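# An overview of the molecular structure
Listed below, chain by chain, are the residues.
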Amino acid sequence: GSKLVVVLGHSKCGALKGGLDAAKIEELGMDNLNHLIYHFDPIINEIIQEGEERSSKNEDLLERLNVSNVQQSIEDIRHQSSTLRALEKEGKIKIVGANYCVETGVVTWL
């Protein structure tokens, strides 16, 4: 009976930082972690600008990745669940994205 699906990203996300620092993380030899960090490569490759540093220290890139990951997750939900897609199309539910700032506690709706 839920009427709202919220995909909530958060600032300073460790998984996204790992995705940006994948080359360094890979050297640790943790197979399960390596699988996770490379999951974000398609989004990173889409949003990174030519000559831009691919690093978790690049706060602008990390924030853009966070927003893009939320948006991609919403699209994945719509694509992978015909039930939720149909309910949204019929206006019975909404699928929305937001970002939680861990420093301030503020939620920004996308």
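For the structure itself, look to the data block above.
Residues numbered from 1 in each chain as written. Predicted model: local features only at pLDDT ≥ 70, side-chain atom pairs only at ≥ 80, totals over all residues. Heavy atoms only, no water.

All right, on to the nonpolar core then. One finds Cys13, Leu16, Leu20, Phe40, Ile43, Ile44, Ile47, Leu61, Leu62 and Leu65 forming the largest nonpolar core, which totals 10 residues. Those elements that provide at least two residues to this core are helix 1 (14–20), helix 4 (41–47) and helix 5 (59–80). Dropping the residues within four chain positions of it, leucine 65 is found in contact with Leu16, Leu20, Ile43, Ile44 and Ile47. Listed in part, the 5 residues of the second largest apolar core include Val7, Val70, Ile93 and Ile95. (Core = buried A, V, L, I, M, F, W, Y, C linked by side-chain atoms within 4.5 Å. Buried < 20%, exposed > 50% of the residue type's maximum accessible area, 1.4 Å probe, protein only. Helix = DSSP H or I, 4+ residues; strand = E, 2+ residues; numbered from the N terminus. Contact = heavy atoms within 4.5 Å.)

Once that is clear, we can look at the pattern of salt bridges. Within this structure, the stated rule accounts for 7 salt bridges. In the salt-bridge network here, residues are joined through shared partners; they are Glu52, Asp60 and Arg64. (Salt bridge = Lys/Arg side-chain N within 4 Å of Asp/Glu carboxyl O.)

Turning next to the side chain of asparagine 58. Of note, asparagine 58 is situated in the loop between helix 4 and helix 5. Within the structure, the side chain of asparagine 58 is placed 3.0 Å from the backbone oxygen of glutamate 53, a separation counted as a polar contact. Other than its neighbours up to four places away in sequence, asparagine 58 contacts Glu52 and Glu53. (Polar contact = N/O pair within 3.5 Å; in protein donor to acceptor, adjacent residues only side chain to side chain.)

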